[in-house]
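What follows is the residue order along each chain.
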Amino acid sequence: MEKKIRARIIGTGSYTPPRRMINADFEKIVDTSDEWIVSRTGIRERRIADDDMTTSDMAVQAVQRALEMARCTHEDIDALIVGTVTPDYKVPSTACVIQEKMGMPNAVAFDNLAACAGFLNGLSIARSFIECGVYRKIVVVGVEKLSSITNYKDRNTCVLFGDAAGAAVVAPDDSGAGILSTFMKSAGSLRELLWIPVGGTRNPYSRENALNGSDKLRMSGSDVFKVAVREMCTSALKVVDDAGLERKDIALVVPHQANIRIIDALTKRLGVGSDKVYVNIDMYGNTSSASVPLALDEANRSGRIKPGDHVVMVAFGGGLIWGSALVRW
Ligand code: UT7
C-alpha cells in the first residue's frame, strides 16, 4: 500500500528582541499595578523591539534558526507564508521583504492576515500545499511588532502585548509522523471586538483619529475572553477527534498565550494535566501570531517534545478567527 504523505515540521526557530518592559514600567504611564497585571493576565514582562527594528528583521532571525535546525538552504525553500498584522509596509507583503533579505530565489512569498491565529492558518495552508504535492519545503512564520499598534495610553490593552517572531520549516514525510489534522474557523460578525478602526479604506487615517488612538488596537477584553475559552477548547478537541485520537493521547498542548486565565480554563476543560500545557506568557505577554511558534520552538529546543508525541497547537484572535493543528512529532 502507498504510504501517506504528510507535512512534517522539520525545524523550528524564534526570536525575541532583547529589550524587556516589566509591569512596573507601566505603573509610570497608566493607572495600573504589577498585582493587577499578574493576577488578571499572568504577564510579568514582555519584549519591545527598538524603533529601527522592523517586523521582517525579527522574522529573518527566527527563520534562519528554523532553517539551521531543518538543515535546509535558502535555495531549498519553495514557499514562505507569513502571518502578521504588523507588516513592514502595506505593499509589498512582509513575506516578500523577508524573501529579499534572506535570498530565497526559488520561493513564492505571501502574507496571511489571521491575527493571533496567523501561524496556524499558515501551517494549515502549508499542509495542503504539501499533501497536494504543490511545494516541498515551506517556511511558515508568525511575527509581530505589536508595540507599533499598541495604544500606550489605554490600560485595557497596553499591558498585554509584546514583540516576537517564530517560524517552522515544513516538508513531506511518509514515516507516519507530521500534521495529522488542522482546523480553522472565523466569525466576521464579531470583528469589532478586536480591531483597528482606522487606517484602511473604511476610515482612512487622519491626524484627528490618530490623536484619539483609533489607529491602534482596540479590544473588548471580556467579550473576547469568553469566545476564546469556548472556541479554543472546541478547536483543540476537534483536531484530536479528527486524528482518531483521544484526550489521553495528548503529550503537549501549545496554546496561544493571551491570558493565563484563558489557558487555565482551556486546561481544565480539556481535562489534561497542567504539566501538559506549555506556558511562557509570563515572559513575553501576548505576541499575536508569534505566540504559538515561539512557544513551540521553546518546547522543542528544551526537549519538552519527543519523537512520536502528539502535540496540539491552538490559537484565537482578531477577526475573530481561531484554529488548531495536531502534530505527531
Ligand atoms: O490575543 C487575541 C485574543 N485576546 C484575548 O484573548 C484577550 C482576552 N481578554 C483578556 O485577556 C481579559 O479580558 C483582559 C486581561 C483584557 C481584561 O481582564 P478582565 O478580567 O476581563 O477585566 P475587565 O476588562 O472586565 O476589566 C475589569 C476592571 C475594569 O475596571 P472597572 O470598570 O471594573 O472599574 C477595568 O477598567 O479592570 C480594569 N482594568 C485595569 N485595571 C488595572 C483593565 N485593565 C487594567 C489594568 N490595570 N491594566
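Caption draft 1: Geometry of helix H4 (residues 94-102). Residues of H4 that are buried include every one of Thr-94, Ala-95, Val-97, Ile-98, Gln-99 and Met-102, and no others. On its buried face, H4 sits against helix H3 (55-70), strand E4 (79-83) and strand E5 (108-112). Within two residues after H4, Gly-103 carries a phi angle of roughly 75 degrees, on the positive side.

Caption draft 2: Quick peek at the domain arrangement of the chain. Domains assigned within the chain are domain 1 (6-175) and domain 2 (180-328). Every contact between the two is made by 49 residues of domain 1 and, on the other side, 45 residues of domain 2. Summing both partners gives a buried area of about 3800 Å² for domain 1 against domain 2, and 62% of it is carried by carbon and sulfur. Taken as a group, Cys-116, Leu-120 and Ile-149 account for 17% of the area that domain 1 buries against domain 2, more than any other trio of residues on that side. For the pair domain 1 and domain 2, the number of links is zero salt bridges. Our enumeration of links across domain 1 and domain 2 arrives at 23 residue pairs in polar contact (both at pLDDT 80 or more).

Caption draft 3: Region of the structure containing the side chain of Gln-257. Within the element layout of this structure, Gln-257 appears in the loop between strand E11 (250-255) and helix H9 (260-270). Looking at Gln-257, the relative accessible area reads 1%, which means it is buried. Engagement of the side chain of Gln-257 in a polar contact is seen with the backbone oxygen of Pro-255, the distance being 2.8 Å. If we ignore the near neighbours within four places in the chain, the residues touching Gln-257 are Ile-263, Tyr-278, Val-279, Asn-280, Ile-281, Gly-285, Asn-286, Ser-291 and Ala-295.

Caption draft 4: Layout of the site of the ligand. Taken together, 24 residues surround the ligand, and among them Thr-32, Arg-40, His-256, Asn-259 and Asn-286 come closest. Measuring from an oxygen atom of the ligand, one finds a side-chain N or O atom of His-256 at 2.8 Å. A distance of 2.9 Å separates an oxygen atom of the ligand from a polar side-chain atom of Arg-261. Of all the secondary-structure elements, those providing two or more residues to the shell around the ligand are helix H2 (34-41), helix H6 (155-158), helix H8 (221-242), H9 and strand E12 (310-317). The element that contributes the greatest number of residues to the shell around the ligand is H8, accounting for four residues. For the shell around the ligand, the residue count by class is 11 nonpolar, nine polar and four charged. Two domains each donate at least three residues to the shell around the ligand, and these are domain 1 (6-175) and domain 2 (180-328).

Caption draft 5: The pattern of salt bridges, seen in detail. Evaluation of the coordinates by the stated rule reveals 12 salt bridges. Between Glu-45 and Arg-20 there is a salt bridge; the shortest N-O distance is 2.6 Å. Note that Glu-45 is positioned in strand E3 (residues 45-47) and Arg-20 in strand E2 (residues 20-22), a separation of 25 residues in sequence. Since its relative accessible area comes to 17%, Glu-45 is described here as buried. Of the charged contacts, one joins Lys-238 and Asp-242 as a salt bridge, the two residues approaching to 2.9 Å between their closest N and O atoms. Of this pair, Lys-238 and Asp-242 are both found in helix H8, four residues apart, which corresponds to roughly one turn of the helix. Accessibility expressed as a relative area gives 33% for Lys-238, which makes it partly exposed.

Caption draft 6: Spotlight on the nonpolar core. Grouped together as the largest cluster of nonpolar side chains are 45 residues, with contacts concentrated most on Phe-26, Val-253, Leu-270, Val-312, Phe-316, Leu-320 and Leu-326. Elements supplying a minimum of two residues to this core: strand E8 (178-186), H8, E11, H9, E12 and strand E13 (321-328). Of all the elements, H8 adds the most residues to this core, at 10 residues. Viewed by domain, this core spans two of them, domain 1 (6-175) and domain 2 (180-328), each represented by three or more residues.

Rules used throughout
- Residues numbered from 1 in each chain as written.
- Predicted model: local features only at pLDDT ≥ 70, side-chain atom pairs only at ≥ 80, totals over all residues.
- Heavy atoms only, no water.
- Buried < 20%, exposed > 50% of the residue type's maximum accessible area, 1.4 Å probe, protein only.
- Helix = DSSP H or I, 4+ residues; strand = E, 2+ residues; numbered from the N terminus.
- Contact = heavy atoms within 4.5 Å.
- Domains from an automatic or database assignment.
- Buried area = accessible area lost by both parts, 1.4 Å probe.
- Salt bridge = Lys/Arg side-chain N within 4 Å of Asp/Glu carboxyl O.
- Polar contact = N/O pair within 3.5 Å; in protein donor to acceptor, adjacent residues only side chain to side chain.
- Near = heavy atom within 4 Å.
- Nonpolar A, V, L, I, M, F, W, Y, C, P; charged D, E, K, R; others polar.
- Core = buried A, V, L, I, M, F, W, Y, C linked by side-chain atoms within 4.5 Å.

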